[in-house]
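# Descriptive structure summary
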Amino acid sequence: MEEREGEVRWDGLCSRDAAARAAALDHIGQAVLRRGETVAPAAAATAAAAASARAAAGLLAPGAAARDGLSAALARLLMLSKRCPFRDVRERSETILGRVQELGIRIPRPLGHGPSRFIPEKETIQVGNEDAMMHTLFADSFATLGRLDNVTLVMVFHPQYLESFLKTQHYLLQMDGPLPLHYRHYIGIMAAARHQCSYLVNLHVNDFLHVGGDPKWLNGLENAPQKLQNLGELNKMLAHRPWLITKEHIEQLLKTEENSWSLAELIHAVVLLTHYHSLASFTFGCGISPEIDCEGGHTFRPPSVSNYCICDITNGYHGVDENHASPAGSIPVKSVCEVEALMEKMKQLQECRDEEEASQEEMATRFEREKRESMFVCSSEDEESAPARDVSRHFEDTSYGYKDFSRHGMHVPTFRVQDYSWEDHGYSLVNRLYPDVGQLLDEKFHIAYNLTYNTMAMHKDVDTSMLRRAIWNYIHCMFGIRYDDYDYGEINQLLDRSFKVYIKTVVCTPEKTTKRMYDSFWRQFEHSEKVHVNLLLVEARMQAELLYALRAITRYMT
């Protein structure tokens with residue numbers, strides 16, 4: 001890629017070779033300092049008369065592009081100084097920032113505290129302090145994406161899952177596949193925008209442009225090719241009401257003459273849409289902070305005496321104490337026995353299972369009751385979601401959502417897993433049309449579902465399989481998906497109201513998730529355990545969406 005005015009080449013920093021990184025850092029340092037010298041206060045004063053003359057003639061000041069380019073480069077350097085897994089890059093980035101500051105130019109500082117607004121920074125892995133296994137994961141992620149993002153820094157609580165997640169995402173976005181690279185990132189933008197997830201939209205806008213995407217497409221879905229516009233309806237239904245997808249919707253996409261999708265392309269698109277819908281759930285469910293170099297992640301304003309200024313407050317950044325009080329720090333007395341009570345219920349349910357089994361009719365009745373009740377689980381608080389940049393231009397029909405559906409009391413049909421399952425049907429269909437992806441997804445589903453450390457809060461040697469299955473099946477129940485061999489009566493025993501509110505919000509309307517909801521369930525549990533819950537939510541949601549889409553594709557094919 002040719003270097004243009006206002007741009008710096010960063011690609012060399014992703015190399016695993018220290019000499020190649022050093023050469024790239026030399027180039028970056030020189031380019032940034034050259035720009036800095038053109039906009040430094042002294043240079044600006046010298047150019048003031050010329051700039052005034054140009055302005056009078058109706059011309060742009062020559063330094064405008066340089067200033068914008070410099071600000072973006074300084075934000076990138078700030079991110080690298082804090083988030084790069086290679087120590088040489090962190091240190092040199094900090095040095096370059098220091099030299100720019102010596103020119104009299106204000107350098108940025110991070111906003112917020114760590115990768116999550118919900119988890120205290122001191123309880124997350126600090127870049128530079130990770131063990132060898134985590135360092136390998138970080139280096140792989142950085143080499144692939146050119147960044148170590150906040151999602152990765154929160155997911156790394158569970159390295160086995162993170163490795164599978166990164167491998168799958170890398171394959172979907174960058175390896176050989178039916179869709180061109182810029183389409184993949186644009187579909188990611190479309191999917192994330194359904195939940196107003198500006199965090200993911202910002203990342204993929206940058207990636208879309210980096211792989212040569214047309215900037216005009218970013219002005220709105222109507223500016224993208226008709227083929228992508230046609231995907232809007234499927235995106236909308238998958239995100240909010242996947243049970244409405246029929247083979248006719250699939251046929252419409254595959255039969256629209258010059259704008260038609262191939263089956264392989266459609267499978268790739270469906271997997272990307274479901275991946276980013278569920279990743280939006282994780283982003284909001286774990287309170288992921290904006291990336292340091294993105295909008296909302298840094299500021300050029302100086303800190304006030306109290307370490308944050310009024311501009312930070314209006315952007316939702318408050319004091320450390322308010323945002324990052326540890327759950328264990330202010331646990332009400334009634335929650336002290338929460339874990340023991342949950343463990344006792346698990347023990348009693350296991351004993352009941354051993355003694356008697358409900359009839360098929362009773363099991364079906366319990367499922368229908370739980371499905372119906374799940375429609376009316378909602379927060380009693382009228383809370384505002386975190387402020388976000390308007391992303392509605394990336395999708396149509398902003399009023400369409402899960403909440404509208406439940407409010408009108410419409411019925412979710414029952415989808416029996418015995419008739420169409422991921423293991424027996426979906427897996428082979430994906431693998432046939434998009435080789436290896438079925439295998440990658442299957443591995444990721446299994447890791448999330450079976451992941452356990454046999455702990456619950458402070459208790460060790462605990463079999464948590466019953467609890468994990470209740471969470472997974474509750475999510476599928478909200479989507480109308482029924483397992484004939486599961487007693488849905490267990491869900492009400494194991495998941496209390498605050499936990500159900502959190503699950504329902506994160507899965508169905510993630511943009512409404514608040515820190516209060518996150519703090520209010522499992523108050524004695526570790527943050528890593530709450531992140532574990534979010535992994536279950538991500539994968540159960542993704543699989544539910546996939547089941548409906550793949551069933552419709554199978555019906556179309558037969």
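All values derive from a computational prediction rather than experimental measurement.

Before going further, it helps to spend a moment on the overall build of the protein chain. Looking only at helices and strands, the protein chain has 25 helices and six strands in total. Partitioning the intrachain contacts of the protein chain with sequence separation of at least 6 by distance along the chain shows that 78% fall at a separation of at least 24. For the protein chain, the accessible area works out to roughly 24600 Å², and carbon and sulfur atoms hold 50% of it.

Running from N to C, helix H23 (residues 497-508) and helix H25 (residues 527-557) point in directions that differ by 50°, and their axes come no closer than 10 Å. Between H23 and H25, the angle is such that the two are oblique. When you trace H23 past H25, the crossing you get is right-handed. Contacts from Phe499, Tyr502, Ile503, Val506 and Val507 in H23 reach Val533, Asn534, Leu537 and Arg541 in H25. Of the residues contributing to the contact of H23 with H25, the split by class is seven nonpolar, one polar and one charged.

Further remarks concern the nonpolar core. Of all hydrophobic cores here, the largest spans 137 residues; its most connected members are Leu231, Trp261, Leu266, Phe282, Ile471 and Ile503. Among the elements that make up this core, the one with the highest residue count is H25 (16 residues). Among all residues touching Trp261, those that are not within four sequence positions of it are Leu179, Ile187, Lys227, Leu228, Leu231, Leu253, Leu254, Leu266 and Ala269. Counting 29 residues, the second-largest nonpolar core is a separate cluster that includes Leu70, Leu78, Phe86 and Val89.

Turning our eyes to something else, we now look at the pattern of salt bridges. Inspection of the entire model under this criterion finds 16 salt bridges. One salt bridge connects Lys236 with Glu233, and the closest N-O pair in it is separated by 3.3 Å. In this pair, Lys236 and Glu233 are both assigned in helix H11 (residues 232-240), three residues apart and thus about one turn of the helix distant. Overall, the relative accessible area of 8% leaves Lys236 in the buried class. Given a relative accessible area of 39%, Glu233 falls into the partly exposed group. Where Asp419 meets Arg416, a salt bridge forms, and the shortest distance between an N and an O atom there is 3.0 Å. A relative accessible area of 32% places Arg416 in the partly exposed class. Through salt bridges with shared partners, a single ionic network connects Arg416, Asp419, Arg482 and Asp484.

Considering the arrangement of structural elements, one finds Arg366 in helix H17 (residues 360-374). In this structure the C-alpha to C-alpha distance between Arg366 and Glu490, which are 124 residues apart in sequence, comes to 9.5 Å. When near neighbours in sequence (up to four residues on either side) are disregarded, Arg366 contacts Ala358, Asp487, Tyr488 and Gly489.

Taken as a whole and assessed by the stated rule, the structure comprises 23 aromatic pairs. Between Tyr183 and Trp217, the ring centres sit 5.9 Å apart and the planes meet at 75°, which makes this aromatic pair edge-to-face. In this pair, Tyr183 is assigned in helix H8 (residues 181-193) and Trp217 in the loop between helix H9 (198-210) and helix H10 (226-229), connecting sequence segments 34 residues apart. Of the residues examined, Tyr183 reaches a relative accessible area of 12% and is grouped as buried. Overall, the relative accessible area of 11% leaves Trp217 in the buried class. Ring-pair connections join several aromatic residues into one group, and the members of that group are Phe118, Phe499, Tyr502, Tyr518, Phe521, Trp522 and Phe525. Stacked on the ring of Phe86, the Lys or Arg Arg21 has its end atom at 4.0 Å from the ring centre. Cation over ring: Lys227 sits above Trp261, and NZ or CZ is 5.1 Å from the ring centre.

Right, let's talk about the environment of Arg369 for a bit. Within the element layout of this structure, Arg369 appears in helix H17. On the basis of relative accessible area, Arg369 is assigned to the partly exposed category, the value being 35%. Arg369 sits 120 residues away from Gly489 along the chain, and the two C-alpha atoms are 9.0 Å apart.

Along its 31 residues, H25 runs 45 Å from first to last C-alpha, staying within 8% of the 45 Å computed at 1.5 Å per residue. With 26 of 31 residues buried, H25 is to be regarded as a mostly interior element.

Right, let's get into the environment of His532. Here His532 lies in helix H25. In sequence terms His532 and Ala448 are 84 residues apart; their C-alpha atoms lie 8.1 Å from each other.

In a pair of packed helices, the angle between the axes and the distance between the axes together describe the arrangement. Contact pair helix H7 (residues 159-174) / helix H20 (residues 437-450): the axes reach a minimum separation of 9 Å and the direction vectors enclose 155°. Accordingly, the angle class assigned to the pair H7 and H20 is roughly antiparallel. As H7 runs across H20, the sense of the crossing is left-handed. For the pair formed by H7 and H20, the contact residues are Gln160, Tyr161, Ser164, Phe165, Lys167, Thr168, Tyr171 and Leu172 on the first element and Val437, Leu440, Leu441, Glu443, Lys444, Ile447 and Ala448 on the second. Split by residue class, the contact of H7 with H20 holds nine nonpolar, three polar and three charged.

The rules behind these values
- Residues numbered from 1 in each chain as written.
- Predicted model: local features only at pLDDT ≥ 70, side-chain atom pairs only at ≥ 80, totals over all residues.
- Heavy atoms only, no water.
- Helix = DSSP H or I, 4+ residues; strand = E, 2+ residues; numbered from the N terminus.
- Contact = heavy atoms within 4.5 Å.
- Areas by Shrake-Rupley, 256 points an atom, 1.4 Å probe, with all protein chains shown as cover.
- Axes fitted to C-alpha atoms, helices over the stretch in contact; angles between N-to-C directions.
- Parallel < 35°, antiparallel > 145°, perpendicular 65-115°, else oblique.
- Left-handed = near helix turned anticlockwise from the far one by under 90°.
- Nonpolar A, V, L, I, M, F, W, Y, C, P; charged D, E, K, R; others polar.
- Core = buried A, V, L, I, M, F, W, Y, C linked by side-chain atoms within 4.5 Å.
- Buried < 20%, exposed > 50% of the residue type's maximum accessible area, 1.4 Å probe, protein only.
- Salt bridge = Lys/Arg side-chain N within 4 Å of Asp/Glu carboxyl O.
- Phe/Tyr/Trp six-rings, centres within 6.5 Å; stacked < 30°, edge-to-face > 60°.
- Lys NZ or Arg CZ within 6 Å of the ring centre and 35° of its normal.
- Expected span 1.5 Å × (residues − 1).

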